[in-house]
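Given next are the chains, with one letter for each unit.
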Amino acid sequence: MLVAAAVCPCPPLLVPDIAAGAAPELDAARAACTDALGVLAAARPDRLVVVGPAEQSGRGPHPEGARGTFRGFGVDLDVRLGRNRALVPEGPAAGSGPVEGADRPLPPSLAIAAWLLGRTDWSDAPVEGLGVGEPLAAERCIQSGREIATRAERVALLVMGDASACRTLKAPGYLDDRAAGFDAAVARALGAADVAALQALDAELAYELKASGRAPWQVLAGAAEGTGLAGALLYEDAPYGVGYVVAAWS
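What this report covers is the structure whose coordinates are included nearby. (Residues numbered from 1 in each chain as written. Predicted model: local features only at pLDDT ≥ 70, side-chain atom pairs only at ≥ 80, totals over all residues. Heavy atoms only, no water.)

## Side note on helix α2 (residues 27–42)
- Spanning 16 residues, α2 covers 23 Å between terminal C-alpha atoms, matching the ideal 22 Å at 1.5 Å per step.
- Buried within α2 we find A29, R30, A32, C33, A36, L37 and L40. Buried residues along α2 cover an arc of 160° about the axis, so they all sit on one side. Every exposed residue of α2 that faces more than 90 degrees away from the buried side is listed here: D35 and A42.
- Downstream of α2 by a residue or two, R44 has a phi angle that is positive, lying close to 50°. (Helix = DSSP H or I, 4+ residues; strand = E, 2+ residues; numbered from the N terminus. Expected span 1.5 Å × (residues − 1). Buried < 20%, exposed > 50% of the residue type's maximum accessible area, 1.4 Å probe, protein only. Arc of directions from axis to C-beta.)

## Focus: the sheet that holds strand β1 (residues 2–8)
- The seven strands are arranged β3-β7-β2-β8-β1-β10-β9 in an open sheet whose pairing can be described as mixed. Each having just a single partner strand, β3 (60–62) and β9 (231–237) make up the two edges of the open sheet. Strand-to-strand twist of the sheet, defined as the mean angle between neighbouring strand axes without regard to direction, takes the value 20°.
- With six bridges connecting them, β9 and strand β10 (residues 244–249) associate as antiparallel partners. (Pairing = 2+ DSSP bridges. Axes fitted to C-alpha atoms, helices over the stretch in contact; angles between N-to-C directions.)

## Observations concerning the state of the cysteines
- Inspection of every chain in the model, using the stated rule, returns zero disulfides.
- Among the cysteines around C33, which has no disulfide bond, C8 carries the closest sulfur, lying 3.5 Å off. (Disulfide = S-S within 2.5 Å.)

## Side note on the packing of α2 against helix α3 (residues 108–119)
- As a packed pair, α2 and α3 sit with axes 10 Å apart at the nearest point and diverge in direction by 75°. It follows that α2 is roughly perpendicular to α3 by the angle criterion. Along the contact surface, α2 presents R30, C33, T34 and L37, while α3 presents W115, L116, L117 and R119.
- By residue class, the composition of the contact of α2 with α3 is five nonpolar, one polar and two charged. (Parallel < 35°, antiparallel > 145°, perpendicular 65-115°, else oblique. Contact = heavy atoms within 4.5 Å. Nonpolar A, V, L, I, M, F, W, Y, C, P; charged D, E, K, R; others polar.)

## As for a nonpolar patch on the surface
- Residues L169, Y174 and L175 make up a contiguous nonpolar surface patch of roughly 320 Å² in combined accessible area.
- Mapped onto the fold, Y174 is located in the loop between β8 (155–160) and α5 (179–192). (Patch = residues over 30% accessible without salt bridge, like charges linked within 9 Å, V, L, I, M, F, W, Y side chains within 5 Å. Areas by Shrake-Rupley, 256 points an atom, 1.4 Å probe, with all protein chains shown as cover. Salt bridge = Lys/Arg side-chain N within 4 Å of Asp/Glu carboxyl O.)

## A closer look at the pattern of salt bridges
- Across all of its chains, the model carries ten salt bridges by this definition.
- D176 serves as the salt-bridge partner of R178, at 2.9 Å between the closest nitrogen and oxygen.
- With relative accessibility at 18%, the residue D176 sits in the buried group.
- Judged by relative accessible area, which is 39%, R178 ranks as partly exposed.
- Salt bridges linked by common partners bring R47, E128 and R151 together as one network.

As far as function goes, none of this settles anything; it's purely spatial.
Written as structure tokens, this is what we have:
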């Protein structure tokens, strides 16, 4: 049964080493993510499942110990998904080696989640990851969430994903007048733990607005059915023309 959830954005700039001189611009978002992860820890879950958007190669399950890297963003930093194992040094002393079955690299969204968990020194429960494709139909997302909720007596979710990328002229998707309304509706739903509203999100509109979080949010909606969890909106902004939302459910 789902007992808690944290919703966080997944821009690479969330990692200060990537953001470099612009790092302070997302300090408030990082602080909100830390607070949301604190809600997960306080729930004392038996298992934490991290869900985030992924391209074809990163879809499907990723076991604890799976590795990710930020070298594609010009930063010599690797991460590993799991308890107390997020930051991985280079060279022969890099730890005990990869976990069996963890040879597929984490997609960027789950690598950022691994970085967040390492930053907060997560040690409260075993962790597994799930990369979901942006086109995944709402019904399949919801069903996947229902299945996740049955994996342990007390399940927590860390849900990664961004809202629209069309809030300004300089946004990655240029300006779309529908973006602000879409993001506001998402923020209301996530802040209120409104399962029905998340399940009803328009997948086609989300795709047009480049909202990578739609499928992960609908996985959350499936997992949260019948739980009666309450939500809190911890952060909502669009500093680069992309909507970033942080929320906690408990």
